[in-house]
Amino acid sequence: MTGLHLTADLGAVDAALPAMTQADALRALCVAAVREAGLQPVGELFHSFPTAPGASAAGVTGMVLLAESHLAVHTWPEFGRVTLDVFVCNHSADNSGRAQRLLAGLLSAFAPGESLLQRLQRGALRD
């Protein structure tokens, strides 16, 4: 199965963004970005972590299961960091453009001061 796996490590993200600390806000952002990219969500799970003693905020972890594969997001507001993981399979169609649109939408929403983007073509095994 071929596919495209995109990852992004974001830094200098504004910790005051609701999606950095609120599971509902991150969920709304992710589901909207998935739909805007033309991908099909089939399930989701988002979790806010409790704030540690002495900390000002805690992060959120979330995943949207896609008919095409998945989106995973993890936030660390205390460090201004976010990690994004987008994987799409190309079983019945080439979804690479949709994956790139999804990542671009999330990058725009988080507006990082710095980012490290990686791209991996999956599915090198032959039948």
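The structure we're discussing is the one just above.
The text that follows walks through the structure, step by step, so that each part is easy to find. As the structure is a prediction and not an experimental result, all values here were calculated from the model.

Another point: the packing of aromatic side chains. One pass over the structure, following the stated rule, counts zero aromatic pairs. The ring centre of F87 lies 4.9 Å from the NZ or CZ of R122, which sits over that ring.

Turning our eyes to something else, we now look at a nonpolar patch on the surface. On the surface, a nonpolar cluster with roughly 250 Å² of combined accessible area is contributed by V42, M63 and L65. The class of V42 is exposed, set by a relative accessible area of 55%.

The subject of this paragraph is the nonpolar core. Among the nonpolar cores identified, the biggest contains 31 residues, and L71, L84, L102 and F110 are the most heavily contacted of them. Every element with two or more residues in this core is listed here: β1 (3–11), α1 (18–21), α2 (23–36), β3 (60–66), β4 (69–76), β5 (81–89) and α3 (96–110). Setting aside chain neighbours within four positions, we find L84 in contact with L6, T7, A8, L10, A72, V73, L103, L106, L107 and F110.

Two faces belong to every sheet, and in a regular strand the side chains alternate between them. Bridge count between β1 and β5: eight bridges; the pairing is antiparallel. Bridge pairing links G3 to C89 in β5. Alignment of β4 against β5, held across eight bridges, turns out to be antiparallel. Pairing of H70 across the sheet is with F87, part of β5. Hairpin connection between β4 and β5: a loop of four residues separates the two successive antiparallel strands, and G80 in this loop has a positive phi of roughly 65 degrees.

Conventions and cut-offs
Along each chain, numbering runs from 1 in the same order as the chain's sequence is written. Reporting of local features is limited, given that this is a predicted model, to residues whose pLDDT is at least 70; pairs of side-chain atoms are given and counted only at 80 or more, and all residues count toward the totals for whole chains, interfaces and linings. Based on all heavy atoms of the structure, the side-chain values leave hydrogens and waters out of the count. Here the aromatic set is Phe, Tyr and Trp, taking the six-membered ring for Trp, and pairing holds for ring centres within 6.5 Å; pairs whose planes are under 30 degrees apart are stacked, those over 60 apart are edge-to-face, and all others are tilted. We count a charge as sitting over a ring when the NZ of a lysine or the CZ of an arginine lies within 6 Å of the ring centre and within 35 degrees of the ring normal. Patch membership is restricted to residues that have no salt bridge and whose relative accessible area is over 30%. Joining uses 9 Å for like charges and 5 Å for the nonpolar side chains Val, Leu, Ile, Met, Phe, Trp and Tyr. The method behind every accessible area is Shrake-Rupley, applied with a 1.4 Å probe, and residues are considered shielded solely by the protein chains displayed. Any carboxyl oxygen of Asp or Glu within 4 Å of a side-chain nitrogen of Lys or Arg constitutes a salt bridge here. Relative accessibility under 20% of the residue-type maximum defines a buried residue, over 50% an exposed one, and the middle range a partly exposed one, all with a 1.4 Å probe and only protein chains included. As used in this record, nonpolar core signifies buried Ala, Val, Leu, Ile, Met, Phe, Trp, Tyr and Cys residues forming a set joined through side-chain atoms within 4.5 Å. In this description a helix means any DSSP run of H or I spanning at least four residues, a strand means any run of E spanning at least two, and both kinds are numbered starting from the N terminus. Note on contacts: a residue pair qualifies if any of its non-hydrogen atoms lie within 4.5 Å across the two residues. Two strands are said to pair when DSSP picks up at least two bridges between them.

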